[in-house]
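Structural overview for review
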Amino acid sequence: MKRILVTGALGQIGSELVMVLRDVYGAENVLATDVRRGDREVMESGPFELLDVMDRKRMGELAENYKVDTIIHLAALLSATAEKDPLRAWNLNMGGLLNALEVARERNAQFFTPSSIGSFGPTTPKEQTPQVTIQRPTTMYGINKVAGELLCDYYYLKYGVDTRGLRFPGLISYKTSPGGGTTDYAVEIYEGAVRKGEYISYIAKGTFMDMMYMSDAIKAVITLMEADGKRLKHRNAYNVTAMSVDPESIAAEIRKWIPEFRLSYQVDPIRQAIAESWPNSMDVTAAMEEWGFKAEYDLSRMTEEMIKKLKEKFFSPMAK
Ligand code: NAD
């Protein structure tokens, strides 16, 4: 990766990934793009351009102007939002991906896009979900993610585009709020604990899903993109995760720092149904063996850092 274009760069992942990429590869070599303006740190610490990923012509022009050799495609509609507007999700998630892959093909650029635990469904084995297994999701988001994995395989096999991807679990971070996913509760629970000492969960007690701290997710993207391509047998996309948690297990960790924390439930049937169709825990052996994936943060270490960082964010406005 030398000259990188990031789409959807102001979202939960992009707003942190862009800053790390700029540290590693040089600020001027990382072009952040999004359909809107937002996070000033991302817009001002290096090049930023407005880009709607549905506009293939502009994407191609920007890639040419900035001499891009790597595309990191993040723009998408996430699971809960996609379920409210499935047609819009199909158009953006598939149309945007196809445009980004086409630009990568034209430029012979390396390509990364995330898949998700959402690419699995109710007939997938729930415990230690294998790398290669049944993928019959019942959500529009999941259908888009499976089709996306296959489309990336196709561009690799047919055109030789160096496509790579990860099946992310729910990502937990403090900088930018999540954008309408089913696992958002696992971020909101920390925000509620720090701000009000309480949280009402829309996901039911005992519903386990995979999660990972954002810094591990970012490290995984860079490690995979830098890995020797000859070793990648499952390039689109690798299971990665760090922990399998339910609301109660997060609450128990939070109470080690905020003993009075109260957790109650008001279950949202739509997001609960999505959660129940996803795995409880994924097997990450392929990622470990083929490119050395390793998560640094478990639930305990992540909880300590989330609470510290959110206290700084909410109560000392000058802190980052
Ligand atoms: P997000 O919703 O926080 O950010 C998405 C960004 O895309 C937003 O900044 C939005 O403005 C932008 N966008 C929307 N429509 C656009 C368009 N037409 N053109 C250009 N930009 C547009 O999402 P995120 O959490 O950063 O997720 C990024 C990717 O990672 C997605 O593919 C998502 O499915 C995947 N993923 C995320 C998680 C997670 O927990 N965050 C988990 C699994 C997979």
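This report concerns the structure included in the present document. Worth saying up front: this structure is predicted, and the values here are computed from it rather than measured. (Residues numbered from 1 in each chain as written. Predicted model: local features only at pLDDT ≥ 70, side-chain atom pairs only at ≥ 80, totals over all residues. Heavy atoms only, no water.)

Here the focus is the sheet that holds strand S11 (residues 209-213). Spatially, S9-S11-S13 is the arrangement adopted by the 3 strands of the open sheet, whose pairing is mixed. The sheet is open, and its two borders are formed by strand S9 (170-172) and strand S13 (243-245), each paired with just one other strand. Ignoring which end each strand starts from, the neighbouring axes of this sheet average 45° apart. Sheet topology places S9 next to S11; 3 bridges connect them, and they run parallel. Opposite Ile-172, over in S11, you have Tyr-213 as the bridge partner. Where helix H7 (residues 185-196) meets the sheet, its contacts fall on S9, S11 and S13, and the angle it forms with S9 comes to roughly 25°. (Pairing = 2+ DSSP bridges. Helix = DSSP H or I, 4+ residues; strand = E, 2+ residues; numbered from the N terminus. Axes fitted to C-alpha atoms, helices over the stretch in contact; angles between N-to-C directions. Contact = heavy atoms within 4.5 Å.)

Around the ligand, 26 residues are found, and the nearest of them are Gln-12, Ile-13, Asp-34, Arg-36 and Tyr-141. Residue Gly-11 places a main-chain N or O atom 3.2 Å away from an oxygen atom belonging to the ligand. Here Leu-171 contributes a backbone N or O atom positioned 2.9 Å from an oxygen atom of the ligand. Surface burial for the ligand is 91%, taken as the share of its 840 Å² of free accessible area covered by protein chains. Mapped onto the shell around the ligand, the elements with two or more residues apiece are strand S6 (115-116), helix H6 (140-159) and S9. Among the residues making up the shell around the ligand, the classes are represented as 15 nonpolar, 7 polar and 4 charged. (Near = heavy atom within 4 Å. Polar contact = N/O pair within 3.5 Å; in protein donor to acceptor, adjacent residues only side chain to side chain. Areas by Shrake-Rupley, 256 points an atom, 1.4 Å probe, with all protein chains shown as cover. Nonpolar A, V, L, I, M, F, W, Y, C, P; charged D, E, K, R; others polar.)

Here the structure, examined in full by the defined rule, presents 7 aromatic pairs. Ring geometry for Tyr-154 against Tyr-159: centres 6.3 Å apart, planes inclined by 85°, an arrangement best described as edge-to-face. For Tyr-154, a relative accessible area of 41% corresponds to the partly exposed category. Judged by relative accessible area, Tyr-159 falls into the partly exposed class, the value being 38%. Between Tyr-238 and Trp-291, the ring centres sit 5.7 Å apart and the planes meet at 75°, which makes this aromatic pair edge-to-face. Placement of Tyr-238 in strand S12 (residues 238-239) and of Trp-291 in helix H11 (residues 285-291) is noted, with a sequence separation of 53 residues between them. (Phe/Tyr/Trp six-rings, centres within 6.5 Å; stacked < 30°, edge-to-face > 60°. Buried < 20%, exposed > 50% of the residue type's maximum accessible area, 1.4 Å probe, protein only.)

This paragraph deals with the nonpolar core. Here is a general trend for soluble globular proteins: nonpolar side chains tend to be buried in one another's company. Counting 39 residues, the largest nonpolar core has Val-6, Leu-21, Leu-166, Phe-168 and Trp-291 as the members making the most contacts within it. Take this core: its biggest share by element is 8 residues, from helix H8 (residues 214-226). Leave out the neighbours within four places in its chain, and Phe-168 touches Ile-13, Pro-114, Ser-115, Ser-116, Ile-117, Met-212, Ala-217, Val-221 and Val-240. Core analysis: the second largest hydrophobic core is formed by 35 residues, Val-194, Tyr-202, Met-211 and Ile-307 among them. (Core = buried A, V, L, I, M, F, W, Y, C linked by side-chain atoms within 4.5 Å.)

Two measures define how a pair of helices packs: the angle their axes make with one another and the distance between the axes. Where helix H1 (residues 14-25) contacts H8, the axes come no closer than 10 Å and their chain directions differ by 50°. Judged on the interaxial angle alone, H8 and H1 are oblique. The handedness of the crossing between H1 and H8 is right-handed. Touching Glu-16, Leu-17, Val-20, Leu-21 and Tyr-25 of H1 are Met-214, Ile-218, Val-221, Ile-222 and Glu-226, all from H8. Considering only residue class, the contact of H1 with H8 consists of 8 nonpolar, no polar and 2 charged. (Parallel < 35°, antiparallel > 145°, perpendicular 65-115°, else oblique. Left-handed = near helix turned anticlockwise from the far one by under 90°.)

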